[in-house]
Number of protein chains: 2
Amino acid sequence: MSFEMGDLDEVSQTLKLLGDKTRLTIMKLLEKRECCVCELVEIFKTSQPSVSQHLRKLKDAGLVKENRKGHWIFYSVNPDSSQHELIQKLIAFVPSQDHELEELDKKGLRISCN
Amino acid sequence: MSFEMGDLDEVSQTLKLLGDKTRLTIMKLLEKRECCVCELVEIFKTSQPSVSQHLRKLKDAGLVKENRKGHWIFYSVNPDSSQHELIQKLIAFVPSQDHELEELDKKGLRISCN
DNA sequence: TGCTTATATAAGCACATAGTTATATAATGA
DNA sequence: TCATTATATAACTATGTGCTTATATAAGCA
């Protein structure tokens, strides 16, 4: 087999986390590129605390990691997660969210630091 | 791609359903062979209504189908589900539950009709 | 230092979920 | 027909979840 056999509790916990449409979409977006909280707030048209709380759950489960750059905290997928391969397989079934990222660019709301 | 791109709502709903340890294990068991309710009650050491309610959710989502044989109603995976390929990929990450089925046989609690 | 911006956290509420107990339905066989 | 067995459904309850509002933290800048 090409992957590690998962632990039942870990797998079901991952599925429960990604059984939420917002979190599932976040993972799909982060697969493309890292995003900061305010970008996700714009994309989901929801409140900042709501996005922060979703990200916290993903981070607590080790599925994403954070990286502060000045004012902003960028989130990205954690490739070292024991669930990484499962997640990659899952999000292949999620329709592309590239249009959301392009929309950000168009509106000039893309945050980039270097 | 070898699969149909899923609908976001459908995919997240499937993940939510299988984010429950009992339902995830049921799908893993049914992958091996069809099971009737009383077998699942024995395996999960839980109440009959609890198992029935889990099966109902899986059936409502079209993930399993039922087949009455006399007293017993056997449940099996529904290969015609739009989510079937996703589910197969998921379940590959769930540890084998074969021991549970073997245990049933040993205890003489396996139901077989033909 | 104080102001502003980005993000996190806490508390409260509304709703969903999973289990329980009790009861209903359905099939079988005496 | 009645009794038994398997399963489903309904009502209730306890717990979990996601959102909101309010507040705290942390970084950058005047």
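Here the structure is a predicted model, which means the values were calculated and not measured.

A. How the structure looks around the overall build of chain A. Counting its regular elements, chain A contains six helices and three strands. Counting from the amino terminus, chain A carries its helices and strands in the arrangement α-α-β-α-α-β-β-α-α. In terms of overall size, chain A behaves like a compact globule, its C-alpha atoms giving a radius of gyration of 14 Å where 114 residues would be expected to give roughly 13 Å. Along the first, second and third principal axes, the C-alpha atoms of chain A reach 45 × 25 × 25 Å. Residues counted as buried form 43% of the 114 residues belonging to chain A. Residue pairs in contact within chain A that sit at least 24 positions apart in sequence constitute 65% of those at least 6 positions apart. Within the structure as shown, chain A displays about 6,100 Å² of accessible surface, and the carbon and sulfur contribution to it stands at 47%. For chain A, the distance from the average site of its 17 positive side-chain charges to the average site of its 18 negative ones is 5 Å.

B. Geometry of the packing of helix α1 (residues 8-18) of chain A against helix α1 (residues 8-18) of chain B. Viewed as axis vectors pointing N to C, α1(A) and α1(B) meet at an angle of 140 degrees, and their least axial separation amounts to 7 Å. The way α1(A) lies across α1(B) gives a crossing that is left-handed. Residues A:S12, A:L15, A:K16 and A:L18 of α1(A) form the contact with α1(B), whose participating residues are B:S12, B:L15, B:K16 and B:L18. For the contact of α1(A) with α1(B), the residue count by class is four nonpolar, two polar and two charged.

C. Expanded view of the protein's contact with DNA strand C. What surrounds DNA strand C is a group of 25 residues, the closest being A:Q48, A:S52, A:Y75, B:H54 and B:K57. Close to the protein, within 4 Å, the atoms of DNA strand C are drawn from sugar and phosphate at a rate of 64%. In this structure, a phosphate oxygen belonging to DNA strand C sits 3.3 Å away from a main-chain N or O atom of A:V37. Secondary structure elements with two or more residues in the surface near DNA strand C: α3 (37-44), α4 (48-60) and β3 (72-77) of chain A together with α4 (48-60) of chain B.

D. Inspection of the interface of chain A and chain B at higher detail. In this assembly, 24 residues from chain A lie in contact with 24 residues from chain B. When chain A packs against chain B, close to 2,300 Å² is buried across both sides, 76% of that on carbon and sulfur atoms. Looking at the side of chain A facing chain B, the largest losses of area belong to A:L8, A:L15 and A:F93, adding up to 32% of the total buried there. Counting every contact that joins chain A to chain B gives two salt bridges. Between B:K21 and A:D9 there is a salt bridge whose closest N-O contact spans 2.6 Å.

E. Up close: the pattern of salt bridges. Under the criterion given, the structure shown has 24 salt bridges over all chains. With a shortest N-O distance of 3.2 Å, B:K45 and B:E42 are connected by a salt bridge. Classification of B:K45 as exposed rests on a relative accessible area of 61%. Overall, B:E42 belongs to the partly exposed group, its relative accessible area being 23%. Through salt bridges that share partners, A:E42, A:K45 and A:K107 make up one connected network.

F. Region of interest: the sheet that holds strand β1 (residues 35-36) of chain B. All names here are of chain B. The three strands lie next to each other as β1-β3-β2, forming an open sheet whose pairing is antiparallel. Looking at strand neighbours, the two that pair on one side only are β1 and β2 (64-69), the edges of this open sheet. Sheet topology note: the β1/strand β3 (residues 72-77) ladder contains two bridges and is antiparallel. Note on β3: the bridge partner recorded for C36 is F74. Against the sheet, α4 touches β2 and β3, its axis set at about 120 degrees to β2.

G. The arrangement of the protein's contact with DNA strand D in detail. Taken together, 25 residues lie near DNA strand D, and A:H54, A:K57, B:Q48, B:S52 and B:Y75 sit nearest. Put simply, 64% of the atoms of DNA strand D that lie within 4 Å of the protein are in sugar or phosphate. Take A:K57: an N or O atom from its side chain is 2.4 Å from a phosphate oxygen of DNA strand D. Here A:H71 contributes a side-chain N or O atom positioned 3.4 Å from a sugar or linking oxygen of DNA strand D. Elements supplying a minimum of two residues to the surface near DNA strand D: α4 of chain A together with α3 (37-44), α4 and β3 of chain B. Its residues assigned to classes, the surface near DNA strand D comprises eight nonpolar, eleven polar and six charged.

About the cut-offs
- Residues numbered from 1 in each chain as written.
- Chains lettered and ligands numbered in written order.
- Predicted model: local features only at pLDDT ≥ 70, side-chain atom pairs only at ≥ 80, totals over all residues.
- Heavy atoms only, no water.
- Helix = DSSP H or I, 4+ residues; strand = E, 2+ residues; numbered from the N terminus.
- Rg over C-alpha atoms; globule rule 2.2 N^0.38 Å.
- Buried < 20%, exposed > 50% of the residue type's maximum accessible area, 1.4 Å probe, protein only.
- Contact = heavy atoms within 4.5 Å.
- Areas by Shrake-Rupley, 256 points an atom, 1.4 Å probe, with all protein chains shown as cover.
- Lys, Arg positive; Asp, Glu negative; His and termini not counted.
- Charge placed at Lys NZ, Arg CZ, Asp CG, Glu CD.
- Axes fitted to C-alpha atoms, helices over the stretch in contact; angles between N-to-C directions.
- Left-handed = near helix turned anticlockwise from the far one by under 90°.
- Nonpolar A, V, L, I, M, F, W, Y, C, P; charged D, E, K, R; others polar.
- Near = heavy atom within 4 Å.
- Polar contact = N/O pair within 3.5 Å; in protein donor to acceptor, adjacent residues only side chain to side chain.
- Buried area = accessible area lost by both parts, 1.4 Å probe.
- Salt bridge = Lys/Arg side-chain N within 4 Å of Asp/Glu carboxyl O.
- Pairing = 2+ DSSP bridges.

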